[in-house]
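One-letter residues, chain by chain:
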Amino acid sequence: MTRISLTNARVIDGSGADPFTATIDVVDHRIVAVRRDGEAATSGAAIEPGTEVIDCAGRTVMPGLTEAHCHISFDNVVSMEAVVATQPEDHALISLKNAQMLMERGFTSLYSAAAAKPRLDVAVRDAIARGLFPGPRIRAASQEMSPSGNLGDIDNNYLQLPRSLAFAITADGVDEFTKAARLAARDGVDNIKINVSGDRDWGHMHADDTTTVIAEEEVAAVVAVAGPRKLMVSAHCTSSEGVKICVRQGVQVVYHAVHADEEARDMLEAAKDRVFVAPALGLPLTMLREAADYGLKWPAERFANLEKELATTRACMRDLHRRGVRVLPGGDYGAFITNPMGTNARDLEHFVDFLGFPPMEVLVAATKHGGALMQRGGELGQLRAGYLADLLVVDGDPLADIRVLQDHDRIEAVMIGGRLVKDRLAEGRRGVERRVAAE
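Residues numbered from 1 in each chain as written. Predicted model: local features only at pLDDT ≥ 70, side-chain atom pairs only at ≥ 80, totals over all residues. Heavy atoms only, no water.

J.: How would you summarise the overall build of the protein chain if you had to cite specific residues and measurements?
T.: For the protein chain, the count of helices and strands is 13 helices and 19 strands. When contacts within the protein chain are restricted to residue pairs at least 6 apart in sequence, those whose partners lie at least 24 apart make up 71%. Carbon together with sulfur atoms contributes 49% to the accessible area of the protein chain, which is approximately 17100 Å² in total. (Helix = DSSP H or I, 4+ residues; strand = E, 2+ residues; numbered from the N terminus. Contact = heavy atoms within 4.5 Å. Areas by Shrake-Rupley, 256 points an atom, 1.4 Å probe, with all protein chains shown as cover.)

Rendered as structure tokens:
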């Protein structure tokens, strides 16, 4: 049995309540008590002998973050062809590296939005779960499944990539989508990803309000495979009609949802207890603001289109948030060179500065709602007795400056399931005290 007590902690517990000072007691994998200042003295509770004590005075202790739109196998993509060229063995190691980097930066849970090859997410998830490597909790995804000619389909009449290398699985009709979903389930995924509508600059399949490229019965076929297997379905979806299809057919995670009209927003609101929306702000914002930093010389029209897209996204997400829909950070990091893997905590800043969400509500979205997204809302994403001990010790106050979570040096400790997987506190820096309670 292992016991750890984090004392003098300024606690943000993930519930949305105001911060408070407390001692957090952890036994093995779980939090057994969150004792507010004065509570121990009143109750007569004391730290048991053999407990490792970490004095967190001056620091914030909060639940670990959930990355809601994660691609551990997308390693700062320059082209989809380059992703295909990476051999599977190398790709698995890259994926593990990225998962561990995100863990070090405070993301204790990753909800995958697609893998670049079969079983990349599955292999990393399983290796971490078996204790072969430290790493975050992962819900593993399939490759993207897309109608021919849509986002991710890089086949042509002269080159047909095998499933083992394809960036996306192309499928047409109920039978093909059913088979693709069943093969993904056989691979051991937790989430099946479908591309319901187009994407910016992808041939004639644009990310607008009118381009919905999938048939509703194809979406229904994937959901029919996922349901009995207790898998989730996630959708790349920008068009309003696509959002409506997703809600009608029981898709649980809608990415982007840029052009959702009033009816689509009403439907999302009505389904707010079972649906999550993640706008993936990081990618379009960095494409607009930082393309020149990467030597990308795009025409003015492209930047104008990005500005229009982002304005539409802002209005939609503010409205969905007002309606009580769970809008989560997670921004397609690694999916393009302007939006590098490891900068994922920038999405929290985007929610504050771009969308105008209060910092506390952003933290709730990234912790409490993240736990629900991981399908463990009753034991993950908050600092409460009985919950899994997934937490961060932060040198600073994220409520005063959300950007502190972007500085991985100031995330001084990361705990997953009661195990310290990052531990700068052991160095005794800035007077942090560690001791073992006397026998």
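Moving on from the coordinates now.
J.: Break down the sheet that holds strand E8 (residues 137–139) for me, with residues and values.
T.: Taken in spatial order, the three strands of this open sheet run E6-E7-E8, and their pairing is parallel. Looking at the sheet topology across the chains shown, the edges are occupied by strand E6 (65–70) and E8. The mean angle between the axes of side-by-side strands here comes to 15 degrees, regardless of whether they run parallel or antiparallel. The pairing of strand E7 (residues 107–112) with E8 spans three bridges and is parallel. By the bridge assignment, tyrosine 111 is partnered in E8 with arginine 139. In this fold helix H3 (residues 88–104) packs onto E6, E7 and E8, with an angle of close to 135 degrees to the strand it touches most, E7. (Pairing = 2+ DSSP bridges. Axes fitted to C-alpha atoms, helices over the stretch in contact; angles between N-to-C directions.)

J.: Give me the packing of helix H9 (residues 282–290) against helix H10 (residues 300–322): which residues, what numbers.
T.: At a minimum axis separation of 10 Å, H9 and H10 run at an interaxial angle of 140 degrees. Accordingly, the angle class assigned to the pair H9 and H10 is oblique. Once H9 is placed against H10, the crossing between them reads as left-handed. On H10, the residues that touch Pro284, Leu285, Met287 and Leu288 of H9 are Arg302, Phe303, Leu306, Glu307, Glu309 and Leu310. Here the contact of H9 with H10 is built from residues that sort into seven nonpolar, no polar and three charged. (Parallel < 35°, antiparallel > 145°, perpendicular 65-115°, else oblique. Left-handed = near helix turned anticlockwise from the far one by under 90°. Nonpolar A, V, L, I, M, F, W, Y, C, P; charged D, E, K, R; others polar.)

J.: Can you explain unusual backbone geometry? Please cite residues and give values.
T.: You will see that aspartate 28, though not glycine, has its phi angle at about 55 degrees, which is positive. Position of aspartate 28 among the secondary structure elements: in the loop between strand E2 (20–27) and strand E3 (30–36). Residue classification places aspartate 28 among the partly exposed residues on the basis of a relative accessible area of 30%. Even without a glycine there, the phi angle at lysine 230 is positive, about 60 degrees. For lysine 230, the location among the structural elements is in the loop between helix H6 (216–226) and strand E12 (232–237). (Buried < 20%, exposed > 50% of the residue type's maximum accessible area, 1.4 Å probe, protein only.)

J.: Break down the pairing of E7 for me, citing the residues and quoting the values.
T.: Summarising burial for E7: six of the six residues are buried, a large majority. Judged from the four bridges that link them, E6 and E7 form a sheet pairing that is parallel. Counterpart to leucine 65 in the pairing with E7 is phenylalanine 107.

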